[in-house]
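# Descriptive structure summary
Letter by letter, the chains look like this.
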Amino acid sequence: MLLLLFLAIAAVCIAVDVPLLKRGSRTRDLLVWGTLWIMGLGATVCFLYRIKVPSPLLLVMVIYRPVNSLFESWFY
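Report follows, based on the coordinates. (Residues numbered from 1 in each chain as written. Predicted model: local features only at pLDDT ≥ 70, side-chain atom pairs only at ≥ 80, totals over all residues. Heavy atoms only, no water.)

This next bit is on the packing of aromatic side chains. Scanning all chains against the criterion turns up four aromatic pairs. Judged by centre distance (5.5 Å) and plane angle (85°), the ring pair of Phe71 and Trp74 falls under edge-to-face. Separated by three residues within a single helix, Phe71 and Trp74 lie in helix 3 (residues 57–75), roughly one turn from each other. For Phe71, a relative accessible area of 40% gives the class partly exposed. On the numbers, 6.2 Å between centres and 20° between planes, the contact of Phe71 with Phe75 is stacked. Taken together, the residues span about one helical turn, with Phe71 and Phe75 both in helix 3 at a distance of four residues. (Phe/Tyr/Trp six-rings, centres within 6.5 Å; stacked < 30°, edge-to-face > 60°. Helix = DSSP H or I, 4+ residues; strand = E, 2+ residues; numbered from the N terminus. Buried < 20%, exposed > 50% of the residue type's maximum accessible area, 1.4 Å probe, protein only.)

Moving on, we come to unusual backbone geometry. Its identity is not glycine, yet Arg50 carries a phi of approximately 55°, on the positive side. Within the fold, Arg50 resides in the loop between helix 2 (27–48) and helix 3. A residue is classified by how much of its surface remains accessible, and Arg50, at 74% relative accessible area, is exposed.

With respect to the element layout, Phe47 can be found in helix 2. On the basis of relative accessible area, Phe47 is assigned to the exposed category, the value being 66%. The sequence separation of Phe47 and Leu2 amounts to 45 residues, and the corresponding C-alpha distance is 11 Å.

A grouping of Leu57, Leu58, Val60, Met61, Tyr64, Val67, Leu70, Phe71, Trp74 and Phe75 is seen on the molecular surface, where their side chains present a nonpolar patch of about 1000 Å² in accessible area. Following the sequence through the fold, Leu70 ends up in helix 3. Residue class for Leu70 comes out partly exposed when judged on its relative accessible area of 38%. (Patch = residues over 30% accessible without salt bridge, like charges linked within 9 Å, V, L, I, M, F, W, Y side chains within 5 Å. Areas by Shrake-Rupley, 256 points an atom, 1.4 Å probe, with all protein chains shown as cover. Salt bridge = Lys/Arg side-chain N within 4 Å of Asp/Glu carboxyl O.)

All quantities given are derived from atomic positions and should not be read as evidence of function.
Written out as structure tokens, the structure reads:
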């Protein structure tokens, strides 16, 4: 029930925003807007259904750890 309410609100927002982006022929803006909306809808559905999703911060840690080790080897 809550998911249907959320999707109805999202559909209204999409119906208002997409024509404005198409009218200005902003295809790149429309692509970014759509990507962010899809990620937001996915995150909301995961929250509503209590689906465990790993934190995006783990990706940052995986990228940062080798860089941190490199700097440690240079400066310590």
